[in-house]
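Topology and contacts: notes
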Amino acid sequence: MQQPSSSPPPAVLHAARLVKRYGETIALDDVQLTVRRGESVAIMGASGSGKTTLLHVLAGIILPDAGDVRFAGRSGTVTVPELSDADRSRLRREEFGFVFQQGFLLPELTAAENVALPLLMNGEKKDAAGDRARAWLAALGLAGMADRRPGQLSGGQAQRVAIARAQATGASVTFADEPTGALDSITSEEVMTALLHSTTGQGRALVVVTHDEAVAARCARVVRMRDGRVHADSAAGTR
Ligand SMILES: Nc1ncnc2c1ncn2[C@@H]1O[C@H](COP(=O)(O)OP(=O)(O)O)[C@@H](O)[C@H]1O
Ligand SMILES: [Mg+2]
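As the structure is a prediction and not an experimental result, all values here were calculated from the model.

Criteria and thresholds
- Residues numbered from 1 in each chain as written.
- Chains lettered and ligands numbered in written order.
- Predicted model: local features only at pLDDT ≥ 70, side-chain atom pairs only at ≥ 80, totals over all residues.
- Heavy atoms only, no water.
- Phe/Tyr/Trp six-rings, centres within 6.5 Å; stacked < 30°, edge-to-face > 60°.
- Helix = DSSP H or I, 4+ residues; strand = E, 2+ residues; numbered from the N terminus.
- Buried < 20%, exposed > 50% of the residue type's maximum accessible area, 1.4 Å probe, protein only.
- Pairing = 2+ DSSP bridges.
- Contact = heavy atoms within 4.5 Å.
- Near = heavy atom within 4 Å.
- Polar contact = N/O pair within 3.5 Å; in protein donor to acceptor, adjacent residues only side chain to side chain.
- Areas by Shrake-Rupley, 256 points an atom, 1.4 Å probe, with all protein chains shown as cover.
- Axes fitted to C-alpha atoms, helices over the stretch in contact; angles between N-to-C directions.
- Salt bridge = Lys/Arg side-chain N within 4 Å of Asp/Glu carboxyl O.

What follows is about the packing of aromatic side chains. The final tally for this structure, using the stated rule, is five aromatic pairs. An angle of 20 degrees between the planes, with centres 5.7 Å apart, marks the rings of phenylalanine 98 and phenylalanine 175 as stacked. Here phenylalanine 98 is found in strand β6 (residues 96-99), whereas its partner phenylalanine 175 is found in strand β7 (residues 173-177), with 77 residues between them in sequence. Relative accessible area serves as the criterion here: at 17%, phenylalanine 98 is assigned to the buried category. Looking at phenylalanine 175, the relative accessible area reads 1%, which means it is buried.

As structure tokens, this is what we get:
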């Protein structure tokens, strides 16, 4: 019998037998992946190997042609591809955080307003949303930047604002697609520190697509894709 202390944390995401085709292209070819609470998983692989497609299927942005994605969230377990479009958008808004290569910050809003926006969309009161936005900015070392607009921030600062925005709603899983792809190596390291601190540091999961071995090395687990398949998983055999 395993002791409770040695049993792995529960799965937040469990994907099985995922298939996604675009015409003749098989972007995902029988992919299985389990992501546990508090785990950081890097997804690596050559361009075109299916990394972004996998991220989008896990997050309910696109639907697979076959297979399942189960998500264990705050209000129970759901099968993501079976949800309606509206329920999938709500899931993305309330349970998932997203960080992309480009921050996609709204240029006319301040950093604090950018971070508060998803909170307002989730029905939070303006003052509470503003306070939480500022607290997250401060937690990511951006206390003095709250009133700046994106054009007045460096690339690394803008990316940390995007991370604060992804975390402020209390996301249980954060999906990041090449979050450091546009940054130099030192800034990239700072952004990864912010990303890990605000996700796994809070018991939340992080799934990060990256080309950068230095970024992957910061994650607890590395999954490598080739031709739409997972061909290596550093966690294989350990669970
Ligand atoms: N919307 C799409 N329409 C057609 N083909 C697509 C689309 N998205 C991805 N693909 C194809 O699926 C494969 C996997 O793409 P993607 O998941 O973006 O790979 P990666 O993120 O690893 O570079 C590639 O061959 C790509 O050209
Ligand atoms: Mg991609």
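Having seen it, we continue.
Attention now moves to the pairing of strand β5 (residues 76-79). Pairing between strand β4 (residues 66-73) and β5: four bridges, direction antiparallel. In the sheet register, glycine 73 faces β5, and the bridge partner there is glycine 76. In textbook terms, the turn of a hairpin is the stretch between consecutive antiparallel strands, and for β4 and β5 this stretch comprises two residues.

Moving on, we come to the environment of valine 80. By the secondary structure assignment, valine 80 is in the loop between β5 and α2 (85-95). Sequence separation between valine 80 and proline 179 is 99 residues, and the spatial gap between their C-alpha atoms is 24 Å. With residues up to four places along the chain from it excluded, the contact list for valine 80 reads Gly60, Val69, Phe71, Arg88 and Leu91.

Right, let's talk about the pairing of β4 for a bit. Here strand β1 (residues 11-22) runs beside β4; their pairing, made up of five bridges, is antiparallel. The partner of alanine 15 across the bridge, within β4, is valine 69.

Let us look at the site of ligand 1. In the vicinity of ligand 1, the contacting residues are Tyr22, Thr25, Ala27, Ala46, Ser47, Gly48, Ser49, Gly50, Lys51, Thr52 and Thr53. A distance of 3.1 Å is found between an oxygen atom of ligand 1 and a backbone nitrogen or oxygen belonging to glycine 50. At 2.5 Å from an oxygen atom of ligand 1 is found a side-chain nitrogen or oxygen belonging to threonine 53. In isolation ligand 1 has 560 Å² of accessible area, and contact with the protein removes 58% of it. Elements that contribute at least two residues to the shell around ligand 1 include exactly β2 (25-36) and α1 (51-58). No other element matches α1, which puts three residues into the shell around ligand 1.

Turning next to the sheet that holds strand β3 (residues 40-45). Taken in spatial order, the six strands line up as β6-β7-β8-β3-β9-β10 in an open sheet, and their pairing is mixed. The open sheet has two edge strands with one neighbour each: β6 and β10 (229-233). Going across the sheet, the axis of each strand differs from the next one's by a mean of 20 degrees, ignoring polarity. Relative to β7, β6 is paired through four bridges, and the arrangement is parallel. The residue of β7 that forms the bridge with phenylalanine 96 is valine 173. Sheet strands in contact with α2 are β6 and β7, and its direction is about 80 degrees off that of β6. Along the sheet face, helix α5 (residues 155-168) touches β6 and β7 and points at about 170 degrees away from the line of β6.

Another aspect to go through is unusual backbone geometry. Even without glycine at this site, aspartate 30 takes up a positive phi of about 65 degrees. Looking at where aspartate 30 falls in the secondary structure, it is placed in strand β2. Using a relative accessible area of 36% as the deciding quantity, one classes aspartate 30 as partly exposed. In the Ramachandran plot, aspartate 227 falls in the positive-phi region, its phi being about 50 degrees despite a non-glycine side chain. Relative to the assigned elements, aspartate 227 resides in the loop between β9 (221-226) and β10.

Close approach of charged atoms allows side chains with opposite charge to pair. What the rule picks out here adds up to ten salt bridges. One salt bridge in this structure joins aspartate 87 and arginine 90, with 3.7 Å as the shortest N-O distance. You can see aspartate 87 and its partner arginine 90 sitting in helix α2, three residues apart, about one turn around the helix. What makes aspartate 87 partly exposed here is its relative accessible area of 31%. One salt bridge connects arginine 134 with aspartate 147, and the closest N-O pair in it is separated by 2.8 Å. In this pair, arginine 134 is assigned in helix α4 (residues 126-139) and aspartate 147 in the loop between α4 and α5, connecting sequence segments 13 residues apart. Given a relative accessible area of 39%, arginine 134 falls into the partly exposed group. Each of Glu39, Arg221 and Asp233 takes part in a single network of salt bridges with overlapping partners.

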